[in-house]
Amino acid sequence: MNALLSWLDNRVGVKSLMHEALYERVPGGARWRYVWGSTLVFTFAVQVITGFMLWSAYSPSTRTAWESVYYIQHEMFLGYVIRGLHHYSAQAMVVLLALHLLQVVIDGAYKAPREVNFWLGLVLMVLVLGMALTGYLLPWDQKGYWATIVATNLAGIVPVVGPSLQQLVIGGPEYGHHTLTRFFALHAGFLPATLVLFLVVHLALFRRHGLHPRQPVTRPDGMFWPDQLLRDVVAMLAVMAVVLGVILVPAVRAMVAGEAVDPGHLGAELGAPADPSLPYAAARPEWYFLFLFQFLRFEWVEHQGLAFGAIYFPGALMTVLVAMPIVGRWRAGHAFNVAFLMLTMLGIVGLTALAIGGLVWWRFLYKR
């Protein structure tokens, strides 16, 4: 092993690279608040690995997509685990993104000279949400099919270019094979490749400027190895434990009750095959987009117009996020940024809770 490391070090300088990575200075010492970025990279790695596994059995065609996902879920060895890991780690990424963004803004890590890295982080956030949106259609079941119609119809209300943009997204005048293949190309090709590119630049700039601790610093500096690395690893294992728990807890409950374990009830949900001739009354986006769905149902938003709620208002929120490094140059501006982001997060949580509560009530009435 020593001979191999010496050979690699002589040619690529692996020892110096490892030393630079492990013995990076951590201002104010190791903290749990710094783990969010590492957990995001970890969950993205899980997405890539499980995505390649799913890709090996998935067939992107309207005639075969649902059948191939059914095979993964019910027949492939540990297929429901792989699909569940891919599905729920994607949802974990959305939560971790919000926590990471909140930590960065509270600590003031978006200020000079880190403005560009903050903007890159916002681009990465949009790419992750884009991957989540495009992946929703790939099983080609009723839920994903009609939820995608609801989401892409919003693109059609963009002024001037809306109809053309919608037709470009769905691959023609109607939803069908070209829609599925286009979403698959975006989900498995363009968006991940673009995300990796921006992630490399994001991490390179992070390495250049280092961690920015919350002021004032009251603790002595530390090193990434071993204290911060230990916290990062524990946080990664915690994320994996939660995701696996969501997948496997129903199986454990069934075994304890002496019942047979049905892989179809484990991991990610798979509904009936998509049927354009059979409307799906419960069409809803995934839970991380439910806040916008709920916002659009308010009477005063409907009075202003669908474009206001779906395009202009979210665009204004994103504009405020982009302007935060400029506004945050002043102490009052930083306080405004923190308060704005916290209120926005609380609003999103509240709207999501309202939407989920309404969905649960609808399902209750439907069963009655």
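These numbers come from a predicted model, not from an experiment.

## Observations concerning the overall build of the protein chain
And then number 1: Secondary structure assignment for the protein chain yields 14 helices and 2 strands.
And then number 2: Taking the principal axes of the C-alpha coordinates as reference, the protein chain spans close to 65 × 55 × 45 Å.
And then number 3: Out of the 368 residues in the protein chain, the part that is buried amounts to 40%.
And then number 4: Taking as baseline every contact in the protein chain between residues at least 6 positions apart, the subset at least 24 positions apart corresponds to 76%.
And then number 5: Only carbon and sulfur atoms are counted for the fraction: they give 69% of the accessible area of the protein chain, which is about 20600 Å².
And then number 6: Side-chain charges in the protein chain split into 24 positive and 19 negative, and the spacing between the mean points of these groups amounts to 9 Å.

## Digging into the side chain of Asp-232
And then number 1: Along the polypeptide, Asp-232 turns up in helix α10 (residues 224–256).
And then number 2: Arg-231 provides the closest opposite charge to the buried, unpaired Asp-232, separated from it by 7.8 Å.
And then number 3: Asp-232 has contacts with Tyr-34, Val-35, Ser-38 and Phe-224, leaving out every residue within four places of it along the chain.

## As for the side chain of Gln-73
And then number 1: By the secondary structure assignment, Gln-73 is in helix α4 (residues 65–74).
And then number 2: Within polar-contact distance, the side chain of Gln-73 engages the side chain of Arg-83 at 2.9 Å.
And then number 3: If sequence neighbours within four positions are ignored, Gln-73 has contacts with Tyr-80, Arg-83, Pro-263, Gly-264, Leu-266 and Ala-268.

## Overview of the packing of aromatic side chains
And then number 1: Under the counting rule described, the total for this entry stands at 14 aromatic pairs.
And then number 2: Residues Trp-55 and Phe-184 carry aromatic rings whose centres are separated by 5.6 Å and whose planes lie at 85° to one another, so their mutual orientation is edge-to-face. Within this pair, whereas Trp-55 is found in helix α3 (residues 36–55), its partner Phe-184 is found in helix α9 (residues 177–209), the two being separated by 129 residues in sequence.
And then number 3: Ring geometry for Tyr-145 versus Trp-146: centroids 5.3 Å apart, planes at 85°, classification edge-to-face. One exposure class covers both Tyr-145 and Trp-146, and it is buried.
And then number 4: Grouped by ring-pair contacts, the aromatic residues Phe-52, Trp-55, Tyr-58 and Phe-184 constitute a single cluster.

## Focus: the packing of helix α5 (residues 79–107) against α10
And then number 1: Where α5 meets α10, the closest approach of the two axes is 9 Å, and the angle between their N-to-C directions is 130°. As the angle between them shows, α5 and α10 are arranged oblique. At the point where α5 passes α10, the crossing takes the right-handed sense. Along the contact surface, α5 presents Tyr-80, Val-81, Gly-84, Leu-85, Tyr-88, Ser-89, Ala-92 and Leu-96, while α10 presents Val-239, Met-240, Val-243, Leu-244, Val-246, Ile-247 and Leu-248.
And then number 2: Partitioned by chemical class, the residues of the contact of α5 with α10 number 13 nonpolar, 2 polar and no charged.

## Looking at a nonpolar patch on the surface
And then number 1: A surface patch of nonpolar side chains, amounting to about 320 Å² of accessible area, comprises Val-116, Trp-119, Val-322 and Ile-326.
And then number 2: When residues of the nonpolar patch are traced back to their parent elements, those giving at least two are α6 (115–135) and α13 (306–327).
And then number 3: Note that Val-322 resides in helix α13.

## Digging into the packing of α6 against α9
And then number 1: Close contact between α6 and α9 brings their axes to 9 Å; oriented N to C, the two are set at 160°. With respect to their mutual orientation, α6 and α9 come out roughly antiparallel. The crossing of α6 and α9 is left-handed.
And then number 2: Across the contact of α6 with α9, the residue classes tally to 18 nonpolar, 8 polar and no charged.

## Looking at α5
And then number 1: Between its first and last C-alpha, α5 extends 41 Å over 29 residues, near the 42 Å set by a 1.5 Å rise per residue.
And then number 2: Gly-108 occupies a position one or two residues after α5 and carries a positive phi of about 75°.

## Description of the nonpolar core
What tends to happen in soluble globular proteins is that the nonpolar side chains get buried as a cluster.
And then number 1: Counting residues in each nonpolar core, the largest one holds 35 residues, and the members touching the most others are Leu-101, Val-105, Phe-118, Leu-195 and Met-324.
And then number 2: With 11 residues, the top contributor of residues to this core is α5.
And then number 3: Not counting chain neighbours up to four residues away, the residues in contact with Met-324 comprise Val-105, Tyr-110, Phe-118, Asn-337, Phe-340 and Leu-341.
And then number 4: Among the nonpolar cores identified, the runner-up in size contains 15 residues, and Tyr-58, Trp-66, Val-69 and Tyr-145 belong to it.

## Here we look at the confidence of the model for the protein chain
And then number 1: With 96% of its residues at a pLDDT of 70 or more, the protein chain shows a mean pLDDT of 88.
And then number 2: For the protein chain, per-element mean pLDDT is lowest for helix α12 (residues 299–304), which scores 74, and highest for α3, which scores 96.
And then number 3: With pLDDT under 50 throughout, residues 364–368 is counted as low confidence; its partners more than four residues away or in other chains account for 0 contacts.

## Quick word on the environment of Leu-199
And then number 1: Relative to the helices and strands, Leu-199 resides in helix α9.
And then number 2: Distance in space between the C-alpha atoms of Leu-199 and Asn-117 is 10.0 Å, their sequence separation being 82 residues.

## Side note on the pattern of salt bridges
And then number 1: One pass over the full model with this rule turns up 4 salt bridges.
And then number 2: A salt bridge links Arg-25 to Asp-221, with the nearest nitrogen and oxygen atoms 2.5 Å apart. Of this pair, Arg-25 sits in strand β1 (residues 25–26) while Asp-221 sits in the loop between α9 and β2 (222–223), and the two are 196 residues apart along the sequence.
And then number 3: Its relative accessible area of 43% is what places Asp-221 among the partly exposed residues.

Criteria and thresholds
Residues numbered from 1 in each chain as written. Predicted model: local features only at pLDDT ≥ 70, side-chain atom pairs only at ≥ 80, totals over all residues. Heavy atoms only, no water. Helix = DSSP H or I, 4+ residues; strand = E, 2+ residues; numbered from the N terminus. Buried < 20%, exposed > 50% of the residue type's maximum accessible area, 1.4 Å probe, protein only. Contact = heavy atoms within 4.5 Å. Areas by Shrake-Rupley, 256 points an atom, 1.4 Å probe, with all protein chains shown as cover. Lys, Arg positive; Asp, Glu negative; His and termini not counted. Charge placed at Lys NZ, Arg CZ, Asp CG, Glu CD. Salt bridge = Lys/Arg side-chain N within 4 Å of Asp/Glu carboxyl O. Polar contact = N/O pair within 3.5 Å; in protein donor to acceptor, adjacent residues only side chain to side chain. Phe/Tyr/Trp six-rings, centres within 6.5 Å; stacked < 30°, edge-to-face > 60°. Axes fitted to C-alpha atoms, helices over the stretch in contact; angles between N-to-C directions. Parallel < 35°, antiparallel > 145°, perpendicular 65-115°, else oblique. Left-handed = near helix turned anticlockwise from the far one by under 90°. Nonpolar A, V, L, I, M, F, W, Y, C, P; charged D, E, K, R; others polar. Patch = residues over 30% accessible without salt bridge, like charges linked within 9 Å, V, L, I, M, F, W, Y side chains within 5 Å. Expected span 1.5 Å × (residues − 1). Core = buried A, V, L, I, M, F, W, Y, C linked by side-chain atoms within 4.5 Å. pLDDT = per-residue confidence, 0-100.

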